Amino acid sequence: MSLWFDIGMIISRKLKIIFLKTRKTGGSSFEAAMRPWLGPDDFATALNIEGVEQHGSPRSFLRFPSEYHAESRMHQHMTAFELRQLIRNDVWFEYLKIGIHRDPADFLISAYFFYTRNMSDRPSFRKWANRNWSLVLSQYFIAPTKGKLAIDRPIRYENMQQEILDMPLPHGFGEKLLQSKLKSGIRPSHLSVDEFYLENQVPDLVARLRFFGSYAANSPFFGSDLWINKVTNSFLHRMRKLS
């Protein structure tokens, strides 16, 4: 399965929530923790984890339920633009849109270890990061924080446990989230972010990644409802070489 679509998104009528799932930000754990509270009319994409299947159908949320292949276009890491093209106006405007964002330099370390975890000849972080740094930008196509398609509640990965306490989520969700540590243990944790980049001979990359992350977080372009949004995101995807 393509790494672009492999890893979930939730639309909950019961909770009036849309969860847009960014990469390597604890989103799989968030979705798994949310599932016990989903109602029969809610939808969650399947996780690429044994036993975690699709919940419900998105058909009732779609703008054109009879559209050919509309359901098959609902995938794990949908961008806000892609989702907006498919779902009804009342769902998009009335539901609380949530996404998780993470320090870009820290994120790229986790992405490196995740996407290279099964390689017998793992590339150096320096080589891989120079090929795939645009992953930082793609996070803000998925869950933009500015522009017409901006999410309502960006959650900081570094402060997720505290921030979800201030959101209209079910009682006990925070405790469930702590228990749902999916895909953890892949990345070594003995080095800080700055130490890791220094050890891998790319200390200057930290500032560059954080600059681009800040730019994307504050640029309305990433939350644009124009087709150039999709074209640009697709171009960034084709540029990357995750191996």
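Residues numbered from 1 in each chain as written. Predicted model: local features only at pLDDT ≥ 70, side-chain atom pairs only at ≥ 80, totals over all residues. Heavy atoms only, no water.

### As for the environment of arginine 117
Let me state the cut-off plainly: Each helix is a run of H or I in the DSSP string that is no shorter than four residues. Each strand is a run of E no shorter than two, and both are numbered from the N terminus. Between N or O atoms, a polar contact is any pair within 3.5 Å; within protein, one atom must be a potential hydrogen donor and the other a potential acceptor, and residues adjacent in sequence are included only when both atoms are from side chains.
The topology assignment puts arginine 117 in the loop between helix H4 (104-115) and helix H5 (125-132). Only 2.5 Å separates the side chain of arginine 117 from the backbone oxygen of phenylalanine 114, close enough to count as a polar contact.

### Topic: the packing of helix H6 (residues 135-142) against helix H10 (residues 205-218)
Inclusion rule: For helices, the axis comes from a line fit to the C-alpha atoms of the stretch in contact; other axes are also lines fit to C-alpha atoms, and the angle between any two N-to-C directions lies between 0 and 180 degrees. Roughly parallel covers angles under 35 degrees, roughly antiparallel covers those over 145, roughly perpendicular covers 65 to 115, and oblique covers all other angles. Left-handed describes a crossing in which the near helix is turned anticlockwise from the far one by less than a right angle; the clockwise case is right-handed. Contact criterion: two residues are considered in contact whenever any of their non-hydrogen atoms come within 4.5 Å of each other. Just so you know the grouping, Ala, Val, Leu, Ile, Met, Phe, Trp, Tyr, Cys and Pro go in nonpolar, Asp, Glu, Lys and Arg go in charged, and all remaining residues, Gly too, go in polar.
Contact geometry for H6 and H10: axes closest at 9 Å, N-to-C directions at 15 degrees. Relative to H10, the element H6 is oriented roughly parallel. Relative to H10, the crossing made by H6 is right-handed. In this structure, H6 uses Val136, Leu137 and Tyr140 to contact H10, whose residues at the interface are Leu209, Phe212, Gly213, Ala216 and Ala217. A class-by-class count of the residues in the contact of H6 with H10 yields seven nonpolar, one polar and no charged.

### Notes on the sheet that holds strand S1 (residues 10-12)
Using the following cut-off: Two strands pair under a simple rule: DSSP has to find at least two bridges between them.
If you walk across this open sheet you meet the five strands as S3-S1-S2-S4-S5, and the pairing is mixed. What marks the edges here is a single partner per strand, and that holds for strand S3 (43-44) and strand S5 (153-156). Bridge count for S1 against strand S2 (residues 17-20) is three bridges, and the pairing is antiparallel. Paired with isoleucine 11 across the strands is isoleucine 18, a residue of S2.

### As for the environment of proline 104
Tracing the backbone shows proline 104 in helix H4. C-alpha separation for the pair proline 104 and phenylalanine 211, spaced 107 residues apart in sequence, amounts to 9.0 Å. Look past the residues within four positions of proline 104 in its chain and what remains in contact with it is Val136, Leu209, Arg210 and Gly213.

### Brief notes about the nonpolar core
Test applied: To define a nonpolar core, start from buried Ala, Val, Leu, Ile, Met, Phe, Trp, Tyr and Cys residues and group those joined through side-chain atoms within 4.5 Å. Burial here depends on accessible area, computed with a 1.4 Å probe over protein chains only, as a share of the maximum for the residue type. Under 20% is buried, over 50% is exposed, and the range in between is partly exposed.
Grouped together as the largest cluster of nonpolar side chains are 21 residues, with contacts concentrated most on Leu108, Ile109, Phe125, Trp128, Leu135, Tyr197 and Leu209. Contributions of two or more residues to this core are made by H4, H5, H6, helix H9 (193-199) and H10. For this core, the leading source of residues is H4, giving nine residues. Once you skip the residues sitting within four places of it in the chain, leucine 108 turns out to touch Phe125, Trp128, Ala129, Asn132, Trp133, Leu135, Tyr197 and Leu209. Counting 20 residues, the second-largest nonpolar core is a separate cluster that includes Ile18, Phe61, Leu62 and Ile142.

### A look at the packing of aromatic side chains
To keep it simple, the criterion reads: Here the aromatic set is Phe, Tyr and Trp, taking the six-membered ring for Trp, and pairing holds for ring centres within 6.5 Å; pairs whose planes are under 30 degrees apart are stacked, those over 60 apart are edge-to-face, and all others are tilted.
In this structure the tally under the stated criterion is 17 aromatic pairs. Their ring planes at 65 degrees and their centres at 5.0 Å tell us that tyrosine 112 and phenylalanine 113 sit as a pair that is edge-to-face. Each member of the pair, tyrosine 112 as well as phenylalanine 113, carries the same accessibility label: buried. Seen from their ring centres, phenylalanine 141 and phenylalanine 222 are 4.7 Å apart, and the 50 degrees between their planes marks the pair as tilted.

### Description of the packing of H4 against H5
Where H4 meets H5, the axes come as close as 11 Å, and the angle between the chain directions of the two elements is 105 degrees. In this view, H4 runs roughly perpendicular relative to H5, as classed from their interaxial angle. Side by side, H4 and H5 meet where Leu108, Ile109, Ala111, Tyr112 and Tyr115 of the first sit next to Phe125, Trp128, Ala129 and Asn132 of the second. Taken together, the residues of the contact of H4 with H5 sort by class into eight nonpolar, one polar and no charged.

### Thoughts on the pattern of salt bridges
Inclusion rule: When a carboxyl oxygen of Asp or Glu lies within 4 Å of a side-chain nitrogen of Lys or Arg, that pair is called a salt bridge.
By the definition in use, this model includes seven salt bridges. The residue arginine 210 makes a salt bridge to aspartate 103 at a minimum N-O spacing of 2.8 Å. Placement of arginine 210 in helix H10 and of aspartate 103 in the loop between strand S4 (96-101) and H4 is noted, with a sequence separation of 107 residues between them. Aspartate 103 gets classed as buried once you look at its relative accessible area, which sits at 14%. One salt bridge in this structure joins lysine 148 and aspartate 225, with 3.9 Å as the shortest N-O distance.

### Notes on H4
Cut-off, in case you're wondering: By this rule, a helix spans an expected 1.5 Å times one less than how many residues it contains.
Between the first and last C-alpha of H4 there are 16 Å, a value that for twelve residues agrees with the 16 Å anticipated at 1.5 Å per step. Within H4, twelve of the twelve residues are buried, which leaves it mostly tucked inside the rest of the structure. Turning to H4, its buried residues are Pro104, Ala105, Asp106, Phe107, Leu108, Ile109, Ser110, Ala111, Tyr112, Phe113, Phe114 and Tyr115.

### Here's the deal with H6
Within H6, eight of the eight residues are buried, which leaves the element mostly enclosed by the surrounding structure. The complete set of buried residues in H6 reads Leu135, Val136, Leu137, Ser138, Gln139, Tyr140, Phe141 and Ile142.

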